[in-house]
Amino acid sequence: CQEGQLACLYAVSVLAGNPQHARSNVLPVFSDICKATLAQMQAGRSDGDLVPFLELISSLAASLGDELFQSGHLEVLIRLCTLALASTEQDILKPVLLFLQKLATSRSPAVLPQILQDVMQAVVLHFHTWPRVMGAQLFKVFTAFLERHEAAFLRVLL
């Protein structure tokens, strides 16, 4: 990853789908993966280059859930996801919305109300530009916002 080879993260995302492998093989080096990805994006890599990393974090969110959110990487993950929300590419948006759905349903104390409000604002700011095919994933995210954070989400909408 440090050399800008983010494509290898596709294989790691498959491994991360298994909670045992995610804990023993991915989480110990996840900080390095995050730093390398952030550096690559700040160096001007295209949004499409972020897809393997987004697939990885959506796999980790699905397999580890709150454990991922409490790992100390939440700020970087939210920053990269909110940047990715400006995209109109399905390959970018799908893993981001899966990650955000897990985030919205999390019971982790690390997921602070302000973090969720910022995420909700970013989703509401961009969703109208996304392709129609993202409708089912967007519905799931909006449903998670309403079911778990109704008052905050309604404030964002109004």
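Residues numbered from 1 in each chain as written. Predicted model: local features only at pLDDT ≥ 70, side-chain atom pairs only at ≥ 80, totals over all residues. Heavy atoms only, no water.

A. Structural view of the packing of helix α2 (residues 19-26) against helix α4 (residues 51-64). Packing of α2 against α4 brings their axes to within 9 Å, and their N-to-C directions diverge by 120°. Compared by their axis directions, α2 and α4 come out oblique. For α2 against α4, the interelement crossing comes out left-handed. Contact residues: Pro 19, Ala 22, Arg 23 and Val 26 in α2; Leu 56, Leu 60, Ser 63 and Leu 64 in α4. In the contact of α2 with α4, the residues fall into 6 nonpolar, 1 polar and 1 charged. (Axes fitted to C-alpha atoms, helices over the stretch in contact; angles between N-to-C directions. Helix = DSSP H or I, 4+ residues; strand = E, 2+ residues; numbered from the N terminus. Parallel < 35°, antiparallel > 145°, perpendicular 65-115°, else oblique. Left-handed = near helix turned anticlockwise from the far one by under 90°. Contact = heavy atoms within 4.5 Å. Nonpolar A, V, L, I, M, F, W, Y, C, P; charged D, E, K, R; others polar.)

B. Just a nonpolar patch on the surface, in detail. Among the surface-exposed residues, Leu 146, Leu 154, Leu 157 and Leu 158 lie close enough to one another that they form a single nonpolar patch of about 410 Å² accessible area. Secondary-structure assignment places Leu 154 in helix α9 (residues 135-157). (Patch = residues over 30% accessible without salt bridge, like charges linked within 9 Å, V, L, I, M, F, W, Y side chains within 5 Å. Areas by Shrake-Rupley, 256 points an atom, 1.4 Å probe, with all protein chains shown as cover. Salt bridge = Lys/Arg side-chain N within 4 Å of Asp/Glu carboxyl O.)

C. View of the pattern of salt bridges. A complete count under the given rule lists 1 salt bridge for this structure. With a closest N to O distance of 2.8 Å, Arg 23 and Glu 67 form a salt bridge. With Arg 23 in helix α2 and Glu 67 in helix α5 (residues 66-69), this pair connects stretches of sequence that are 44 residues apart. The partly exposed category is assigned to Arg 23, whose relative accessible area is 41%. (Buried < 20%, exposed > 50% of the residue type's maximum accessible area, 1.4 Å probe, protein only.)

D. Representation of the nonpolar core within the structure. Phe 30, Phe 53, Leu 68 and Phe 99 are the most contacted members of the largest nonpolar core, which totals 52 residues. Excluding residues that lie within four positions of it along the chain, Leu 68 makes contacts with Leu 27, Phe 30, Ile 57, Leu 60, Ala 61, Leu 77 and Phe 99. (Core = buried A, V, L, I, M, F, W, Y, C linked by side-chain atoms within 4.5 Å.)

E. Main features of the environment of Gln 42. Here Gln 42 lies in helix α3 (residues 30-42). Here Gln 42 falls in the exposed class, since its relative accessible area comes to 60%. Sequence separation between Gln 42 and Phe 53 is 11 residues, and the spatial gap between their C-alpha atoms is 14 Å.

F. Up close: the packing of α3 against α4. In contact at an axis separation of 11 Å, α3 and α4 are set at 145° when each is read in the N-to-C sense. Every pair of crossing elements has a handedness; the one defined by α3 and α4 is left-handed. Along its contact with α3, which presents Phe 30, Ile 33, Cys 34 and Thr 37, the element α4 presents Phe 53, Leu 56, Ile 57 and Leu 60. Across the contact of α3 with α4, the residue classes tally to 7 nonpolar, 1 polar and no charged.

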